[in-house]
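Overview (structure and organization)
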Amino acid sequence: MIYSSSLLGKKIDAYLRELPLNREPKGLYAPINYELSLRGKRLRPILLTLSYLLYKEKVDTVLPQAVGIEIYHNFTLLHDDVMDRSDMRRGRPTVHKAWNEHTAILSGDAMTVLAYRLMADCDSLYVKQVLDAFGQAALEVCEGQQRDMDFEARDDVTVEEYLEMIRLKTSTLLAGALKIGAILGDASAEDVQKLYDFGIKIGLAFQLQDDYLDVYGDPEIFGKPIGGDIIANKKTFLLISACRLSNAEQYERILCWLRTTDYRPEEKIRAMTSIYDQLDIGTRCLQKIDSLYAEGLTMLDQVSGRSEYKRELENFVNTLMKRNL
């Protein structure tokens, strides 16, 4: 039987529903169930299972790890929403709005414990390797988040610094999912590394695509209002590139908008987008996305394993890369 990414998503959802999360105290577990119900793309657990299926067939044996990495990812979203003061996530109130910040923090902490317990639920032969890979990815996500917060007070962030930040904050968990699947599949050390590197490249491409879509995407398809990063003065690839490439007049206008607190959101979005257009920043961003994605596919092509699952893995990430573009 060949498992498609959509079928794997259904198996992951079914496993999630079977977890004993309807327990006391409800004040701890209800927010966890709520956060997990804000269903995303299941990107990380699907990557983990597809990576495993390159080498072995008993996919049910890795569902605990797949669900564990999904729970950890959702924990990061829950705490990010607290730190960013975000009111909405996937069209519904965030946990700290539906409950309160203390609840969001504690429920998020419980999610990390659940994630580690699920990660350790594998044959003892693999426990140390799996926990080492997961722990490294989890720590680097925190390092990336701290760098992102540090950037808020800086006007001199470079593209290289930004790419390193998103490598830590976004790519490492994708790469870690692929690495864990390969470890559990008894892949060679070379293949484990190639799949990890593939995850790093596509993670960078995914995040740059989000940067692009926040300015140039269709809000109906993108799933949230356009221009949120501009309003929040987020140091994205587009903003950093515009600062680097702008002339003196354009740079002064950018700084003015970054420092202004009294403005109409639509006016700021329109003004900043106009500067991006003048500098052709959108095209530059798309070129960087294409370059990173091509590098990732080259690494995937060098991996051994069953060809049907290499195709499924490539098709899965290709579908995600083409969303809304």
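You'll find the structure just up there.
Overview of the structure. These numbers were taken from a predicted model, which means no experiment stands behind them.

1. Brief notes about the overall build of the chain
When its secondary structure is counted, the chain shows 16 helices and two strands. In terms of C-alpha radius of gyration, the chain reaches 20 Å, essentially the compact-globule figure of 20 Å for 325 residues. Taking the principal axes of the C-alpha coordinates as reference, the chain spans close to 60 × 50 × 30 Å. Contacts spanning at least 24 positions in sequence make up 75% of the contacts within the chain whose residues lie at least 6 apart. For the chain, the computed accessible surface area is about 15200 Å², with 51% contributed by carbon and sulfur atoms. Here the chain contributes 41 positive and 49 negative side-chain charges, whose respective centroids are spaced 3 Å apart.

2. Considerations on the environment of Ala294
Examined against the element boundaries, Ala294 turns out to sit in helix α15 (residues 281–301). Given the relative accessible area of 41%, Ala294 is considered partly exposed. Here the alpha-carbon distance between Ala294 and Lys201, two residues 93 residues apart in the chain, equals 8.6 Å.

3. Considerations on the pattern of salt bridges
Taken as a whole and judged by the stated rule, the model has 18 salt bridges. Arg154 is the partner of Glu161 in a salt bridge, and the nearest nitrogen-oxygen pair spans 2.9 Å. For Glu161, a relative accessible area of 27% translates into the label partly exposed. By sharing partners, the salt bridges in this structure join Asp13, Arg42 and Glu70 into a single network.

4. A few points about the packing of helix α4 (residues 63–84) against helix α8 (residues 159–184)
Each packed pair of helices is defined by two parameters, the angle between the axes and the distance between the axes. At a closest axis distance of 10 Å, the pairing of α4 and α8 adopts a crossing angle of 170°. In terms of their interaxial angle, α4 and α8 are classed as roughly antiparallel. Counting all contacts with α4, which are made through Gln65, Ile69, Tyr72, His73 and Asp80, the residues of α8 involved are Lys169, Leu173, Gly176, Ala177, Ile180 and Leu184. When grouped by side-chain class, the residues that make up the contact of α4 with α8 number six nonpolar, three polar and two charged.

5. A few points about the side chain of Arg42
Among the structural elements, Arg42 can be located in the loop between α2 (26–37) and α3 (43–53). Overall, the relative accessible area of 5% leaves Arg42 in the buried class. Ignoring sequence-local partners within four residues, the contact set of Arg42 consists of Ile12, Asp13, Leu16, Leu36 and Glu70.

6. Looking at helix α9 (residues 189–216)
Helix length check: α9 (28 residues) gives 40 Å between terminal C-alpha atoms against 40 Å at 1.5 Å per residue, within 8%. With respect to burial, α9 is a largely interior element, 21 of its 28 residues being buried.

7. Here we look at the side chain of Glu35
When you line up the elements, Glu35 lands in helix α2. Notably, Glu35 is buried but unbridged: the nearest opposite-charge side chain belongs to Arg89, and the N-O separation is 4.9 Å. The contact partners of Glu35, leaving out residues within four places of it in the chain, are Asn74, Leu77, Leu78, Val95 and Met111.

8. Quick word on helix α1 (residues 5–18)
For α1, spanning 14 residues, the distance from its first C-alpha to its last is 20 Å, which sits close to the expected 20 Å at 1.5 Å a residue. Where α1 is concerned, the buried positions are Ser5, Leu8, Gly9, Ile12, Asp13, Tyr15 and Leu16. For α1, the arc enclosing every buried residue in end-on projection is 160°, short of the 170-degree limit, so these residues lie on one face. Seen from the open side of α1, the exposed residues pointing more than 90 degrees away from its buried face are Lys10, Arg17 and Glu18. Residues of α1 that are buried make contact with α2, α3, α4, α6 (101–119) and α16 (307–321).

9. What about the packing of aromatic side chains?
One pass over the structure, following the stated rule, counts six aromatic pairs. Summarising the aromatic geometry, the rings of Tyr34 and Trp99 are spaced 5.3 Å apart at their centres and angled 75° between planes, so their arrangement reads as edge-to-face. In this pair, Tyr34 sits in helix α2 while Trp99 sits in the loop between α5 (95–98) and α6, placing the two residues 65 residues apart along the sequence. You can call Tyr34 buried: its relative accessible area is 14%. Of the aromatic side chains, those joined through ring pairs into one cluster are Tyr72, Phe75, Tyr116 and Phe134. A cation over an aromatic ring shows up here: Lys179 above the ring of Tyr196, its NZ or CZ 5.5 Å from the ring centre.

10. Things to note about the nonpolar core
Counting residues in each nonpolar core, the largest one holds 108 residues, and the members touching the most others are Leu47, Ile71, Ile180, Leu208, Tyr276 and Leu313. Top contributing element to this core by residue count: α8, with 14 residues. If near-sequence neighbours (up to four positions away) are discounted, Ile71 is found in contact with Leu16, Leu19, Leu36, Met111, Leu114, Ala115 and Leu118.

11. A look at the packing of helix α13 (residues 248–259) against helix α14 (residues 265–278)
Running from amino to carboxyl end, α13 crosses α14 at an angle of 155°, the nearest separation of the two axes being 11 Å. Judged by the inter-axis angle, α13 sits roughly antiparallel to α14. The way α13 lies across α14 gives a crossing that is left-handed. Within the contact between the two elements, α13 uses Gln250, Arg253, Ile254 and Trp257 and α14 uses Glu267, Lys268, Ala271, Met272, Ile275 and Gln278.

Cut-off values and rules
Residues numbered from 1 in each chain as written. Predicted model: local features only at pLDDT ≥ 70, side-chain atom pairs only at ≥ 80, totals over all residues. Heavy atoms only, no water. Helix = DSSP H or I, 4+ residues; strand = E, 2+ residues; numbered from the N terminus. Rg over C-alpha atoms; globule rule 2.2 N^0.38 Å. Contact = heavy atoms within 4.5 Å. Areas by Shrake-Rupley, 256 points an atom, 1.4 Å probe, with all protein chains shown as cover. Lys, Arg positive; Asp, Glu negative; His and termini not counted. Charge placed at Lys NZ, Arg CZ, Asp CG, Glu CD. Buried < 20%, exposed > 50% of the residue type's maximum accessible area, 1.4 Å probe, protein only. Salt bridge = Lys/Arg side-chain N within 4 Å of Asp/Glu carboxyl O. Axes fitted to C-alpha atoms, helices over the stretch in contact; angles between N-to-C directions. Parallel < 35°, antiparallel > 145°, perpendicular 65-115°, else oblique. Nonpolar A, V, L, I, M, F, W, Y, C, P; charged D, E, K, R; others polar. Expected span 1.5 Å × (residues − 1). Arc of directions from axis to C-beta. Phe/Tyr/Trp six-rings, centres within 6.5 Å; stacked < 30°, edge-to-face > 60°. Lys NZ or Arg CZ within 6 Å of the ring centre and 35° of its normal. Core = buried A, V, L, I, M, F, W, Y, C linked by side-chain atoms within 4.5 Å. Left-handed = near helix turned anticlockwise from the far one by under 90°.

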